[in-house]
Amino acid sequence: GCLKGPAGSIRALALHPRHSSSCPSASSGLSDGPPLMASAGLDRFLRVHSTSAGQQALGKVYLKQQLTGVAWLRPPAEAAGVADEKEL
């Protein structure tokens, strides 16, 4: 489908880590709430979309730089848990 809101080309998309198959919390049932996706466009807006209800934009922020990528950061506690598992 299409994402609602962007004017022009979308340069990058990123699915929130709690809904990604590579995220440990996704398999443990901690992925409550609607799936979220971030998009960066040529119009210099970073938008957050809900992927469950018509891909509507939940929010946007104007950034002065031209955007070429977008990424989500994991919460510090979750990132520390992943590092501990790798040490075992």
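Residues numbered from 1 in each chain as written. Predicted model: local features only at pLDDT ≥ 70, side-chain atom pairs only at ≥ 80, totals over all residues. Heavy atoms only, no water.

## Things to note about the sheet that holds strand β2 (residues 36-41)
Inference 1: Taken in spatial order, the four strands line up as β1-β2-β3-β4 in an open sheet, and their pairing is antiparallel. Since the sheet does not close on itself, it has two edges, and those belong to β1 (10-15) and β4 (57-62), each with one partner. Between one strand and the next, the sheet's axes are offset by a mean angle of 20°, whatever the strand orientation.
Inference 2: Across five bridges, the pairing between β1 and β2 is antiparallel. Along β2, the bridge assignment pairs Ala12 with Ala40. (Pairing = 2+ DSSP bridges. Helix = DSSP H or I, 4+ residues; strand = E, 2+ residues; numbered from the N terminus. Axes fitted to C-alpha atoms, helices over the stretch in contact; angles between N-to-C directions.)

## Here's the deal with unusual backbone geometry
Inference 1: A positive phi is found at Arg44, a non-glycine position, where the angle reads about 70°.
Inference 2: Inspection of the secondary structure assignment puts Arg44 in the loop between β2 and β3 (45-50).
Inference 3: You can call Arg44 partly exposed: its relative accessible area is 27%. (Buried < 20%, exposed > 50% of the residue type's maximum accessible area, 1.4 Å probe, protein only.)

## Some points on the packing of aromatic side chains
Inference 1: According to the stated counting rule, one finds one aromatic pair in the structure shown.
Inference 2: One residue, Lys60, lies across the ring of Phe45, its end atom 4.5 Å from the ring centre. (Phe/Tyr/Trp six-rings, centres within 6.5 Å; stacked < 30°, edge-to-face > 60°. Lys NZ or Arg CZ within 6 Å of the ring centre and 35° of its normal.)

## Quick look at the side chain of Ser39
Inference 1: Within the element layout of this structure, Ser39 appears in strand β2.
Inference 2: Among the residues examined, Ser39 registers a relative accessible area of 2% and is labelled buried.
Inference 3: Separated by 2.8 Å, the side chains of Ser39 and His49 make a polar contact. (Polar contact = N/O pair within 3.5 Å; in protein donor to acceptor, adjacent residues only side chain to side chain.)

## Focus: the pattern of salt bridges
Inference 1: All told, the structure shown has one salt bridge when counted by the stated rule.
Inference 2: Where Asp43 meets Arg47, a salt bridge forms, and the shortest distance between an N and an O atom there is 3.1 Å. (Salt bridge = Lys/Arg side-chain N within 4 Å of Asp/Glu carboxyl O.)

## Description of the environment of Gln66
Inference 1: By the secondary structure assignment, Gln66 is in the loop between β4 and α2 (76-87).
Inference 2: For Gln66 and Leu42, which are 24 residues apart along the polypeptide, the C-alpha to C-alpha distance reads 6.6 Å.

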